[in-house]
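Given next are the chains, with one letter for each unit.
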Amino acid sequence: MEPDMALLMKLSESGEDYSDLEPPAARAMTERDLALFADRISPCLVEEEVEIRPGLVATRYSQGTPARSLVLFFHGGGFVLGSRASYTAPARMLAHATGADVLSVEYRLAPEHPFPAAHEDALAAWRYAVEHAPAWGVDPARIVVAGESAGGNIAAVLCQQVRGEAVQPLLQVLIQPVTDLSTHRPSQDEFADCPALTAKQVAWFMRHYLPEGADHRDPRISPLLGNLNGLPRAIVSVAGFDSLHDDGVAYATALLEAGVPVDVIHERGLVHGYISFTAISPSSKAATTRLVGAIAAALDKTDRATTTRKS
């Protein structure tokens with residue numbers, strides 16, 4: 001483990017555990033902590049709230065000029081925690097580093113809105129993005145779908161849901177995604193006590209997110225079990241000390257076996273949620289910079305491919 005991360009995990013062991021709290025109190029605690037842990041990134045020229053539908057909003061980050069892409073982003077938090085506000089730093093980093101607009105979605109949270117509410121919101125956000133992209137100067141065929149942790153699950157499911165439609169995602173970016181809740185993988189045991197995401201916290205999330213009797217093999221819960229053929233190319237980020245490490249590797253492997261191009265970013269010395277620690281962990285900031293750089297490079301590649309086809 002990276003030394004700065006090891007120190008942070010050691011300090012976290014003695015802190016309060018949100019999974020000992022009810023969701024409203026847990027949200028207040030984690031929002032406070034995430035505000036402290038996230039780097040202070042300069043605002044984009046345009047940061048506006050848009051209403052996707054009544055009760056569902058998002059923040060659009062833009063440089064104020066026609067963008068080469070739009071990143072539809074879903075925050076992490078186990079389907080129970082997290083918000084647009086607590087993921088402002090990575091959203092701004094994405095916008096600044098890639099030259100794309102970013103639309104960060106405030107999807108509904110469990111237990112007030114359990115499965116499949118988040119996926120319904122994601123599909124509505126996708127339709128909104130496709131419809132409104134031209135007004136923002138973005139080609140709808142150049143929308144990237146991205147998410148972290150639970151948001152990575154949402155992004156993966158969304159790509160499966162819209163497969164075969166007239167407009168497809170250009171790229172899917174899955175950051176430490178949870179991809180299969182139907183089984184138990186070795187990394188879940190190996191890092192069950194890692195303060196970044198303990199087995200106790202995972203159980204707390206699932207208890208609030210999944211209704212009693214939910215089928216864990218439903219591809220909307222476990223996208224690894226869905227049809228992966230014909231999905232957009234992917235960037236999958238995994239961390240070496242993450243209980244979800246094996247979920248990300250398994251999904252990347254399955255995508256490759258289905259003929260989907262995949263780039264895997266393996267941050268061997270980091271833990272779950274590293275993109276939220278950029279103010280207090282230099283190694284996390286470096287890793288997040290590598291991630292947004294990989295997304296920018298993927299967009300550069302598609303730019304060159306488009307230019308070649310036109311010429």
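Residues numbered from 1 in each chain as written. Predicted model: local features only at pLDDT ≥ 70, side-chain atom pairs only at ≥ 80, totals over all residues. Heavy atoms only, no water.

As annotated in an unreviewed UniProt entry, the protein chain carries the name Alpha/beta hydrolase and comes from Haloechinothrix salitolerans.

### So, the overall build of the protein chain
The condition that has to hold: Helix and strand labels come from DSSP, where a helix needs a run of H or I of at least four residues and a strand needs a run of E of at least two; each type is numbered from the N terminus. All radius of gyration figures rest on C-alpha atoms, and the globule criterion is 2.2 Å times the number of residues raised to 0.38. Residues are treated as being in contact if the distance between any of their heavy atoms lies within 4.5 Å. Only the protein chains shown count as cover for residues, with accessible areas throughout obtained via the Shrake-Rupley method and a probe of 1.4 Å. Under the convention used here, Asp and Glu are negative, Lys and Arg are positive, and both His and the chain ends fall outside the count. To locate a charge, the coordinates of NZ of Lys, CZ of Arg, CG of Asp or CD of Glu are taken.
From N to C terminus, the protein chain includes 9 helices and 8 strands. In summary, the protein chain has a C-alpha radius of gyration of 18 Å against a globular reference of 19 Å for 311 residues, a match within 12%. Summarising its shape, the C-alpha atoms of the protein chain cover approximately 60 × 40 × 40 Å along the three principal directions. When contacts within the protein chain are restricted to residue pairs at least 6 apart in sequence, those whose partners lie at least 24 apart make up 80%. Only carbon and sulfur atoms are counted for the fraction: they give 55% of the accessible area of the protein chain, which is about 12,500 Å². Side-chain charges in the protein chain split into 26 positive and 38 negative, and the spacing between the mean points of these groups amounts to 6 Å.

### Describing the pairing of strand β7 (residues 234-241)
On a regular strand, one side chain projects to one face of the sheet and the next to the other, so that they alternate. Worth spelling out the cut-off: Each residue is assigned to one of three classes by its accessible area relative to the maximum for its type, calculated with a 1.4 Å probe on protein chains only: buried under 20%, partly exposed between the two thresholds, exposed over 50%. Only strands joined by at least two bridges in the DSSP assignment are considered to pair. Note on handedness: a crossover is taken as right-handed if, strands pointing away from the viewer, the path from the first strand over the helix to the second is clockwise.
With respect to burial, β7 is a largely interior element, 7 of its 8 residues being buried. Bridging between strand β6 (residues 171-175) and β7 involves 4 bridges; their strand directions are parallel. Note on β7: the bridge partner recorded for Gln-172 is Ala-234. As paired strands, β7 and strand β8 (residues 262-271) are joined by 7 bridges and run parallel to one another. Within β8, the residue paired with Ile-235 across the bridge is Asp-263. This β-α-β element, β7 to helix α8 (residues 245-257) to β8, shows right-handed connectivity.

### Description of the UniProt feature "domain: Alpha/beta hydrolase fold-3" (unreviewed entry) in the protein chain
Test applied: UniProt positions are given in the numbering used here, feature names are shortened, and annotations may be inferred rather than shown by experiment.
Listed under "domain: Alpha/beta hydrolase fold-3" (unreviewed entry) in the UniProt record, and renumbered for this structure, are residues 71-275. Helix and strand shares over residues 71-275 are 33% and 19% respectively, and the end C-alpha atoms of the span are 16 Å apart.

### Some remarks on helix α3 (residues 88-98)
Among the 11 residues of α3, 9 are classified as buried, and the element is accordingly described as predominantly covered. Thr-88, Ala-89, Pro-90, Ala-91, Arg-92, Met-93, Leu-94, Ala-95 and Thr-98 are the residues of α3 that are buried.

### Digging into the pattern of salt bridges
We count it as follows: For salt bridges, the criterion is a side-chain nitrogen of Lys or Arg within 4 Å of an Asp or Glu carboxyl oxygen.
Per the stated rule, a full pass over the model turns up 20 salt bridges. The salt bridge involving Glu-120 is made with Arg-108; its shortest N-O contact spans 3.3 Å. Residue Glu-120 is located in helix α4 (residues 117-132), and its partner Arg-108 is located in the loop between β4 (101-105) and α4; the two are separated by 12 residues in the primary sequence. As a salt-bridge pair, Asp-121 and Arg-108 come within 3.0 Å of each other at their nearest N and O atoms. With Asp-121 in helix α4 and Arg-108 in the loop between β4 and α4, the pair connects residues that are 13 residues apart, well separated along the chain.

### Looking at the layout of surface pockets
In plain terms, the rule: Of the grid points, spaced at 1 Å and generated over the protein atoms alone, those admitting a 1.4 Å probe that cannot get out make up cavities, while open sets with protein on both sides within 12 Å along at least five of seven lines make up pockets; any residue with an atom within 4 Å of a point is treated as lining. Grid points are joined across faces, edges and corners, and a volume is the space filled by probe spheres set on the points. Asp, Glu, Lys and Arg are counted as charged, while Ala, Val, Leu, Ile, Met, Phe, Trp, Tyr, Cys and Pro are counted as nonpolar; the rest, among them Gly, fall into the polar class.
Here the largest pocket is characterised by a volume of approximately 1,000 Å³. For the largest pocket, the lining is made up of 46 residues, of which Tyr-18, Pro-195, Ala-196, Leu-197 and Gln-201 are closest to its centre. At the level of secondary structure, the elements contributing two or more residues to the lining of the largest pocket comprise α1 (3-12), α2 (23-37) and α7 (199-209). With 6 residues, α2 is the single largest residue contributor to the lining of the largest pocket. Tallied by class, the residues present in the lining of the largest pocket amount to 21 nonpolar, 17 polar and 8 charged. Around the second largest pocket sit Glu-31, Leu-34, Ala-35, Ala-38, Asp-39, Arg-40, Ile-41, Ala-85, Ser-86, Thr-88, Ala-89 and Arg-92, which together line it. Looking at the lining of the second largest pocket, the elements that each hand over two or more residues are α2 and α3.

### What to know about the pairing of strand β2 (residues 56-62)
In terms of residue burial, β2 counts as a mostly covered element, since 7 of its 7 residues are buried. Side chains Leu-56, Ala-58, Arg-60 and Ser-62 project from β2 onto one buried face, and the interleaved Val-57, Thr-59 and Tyr-61 project onto a second face that is buried too. Taken together, the 7 bridges between strand β1 (residues 46-53) and β2 define a ladder with antiparallel strand orientation. Its bridge partner lying in β2, Glu-48 is registered against Arg-60. Counting the residues that bridge the hairpin from β1 to β2 gives 2 residues, and of these Gly-55 lies at a positive phi of roughly 90°.

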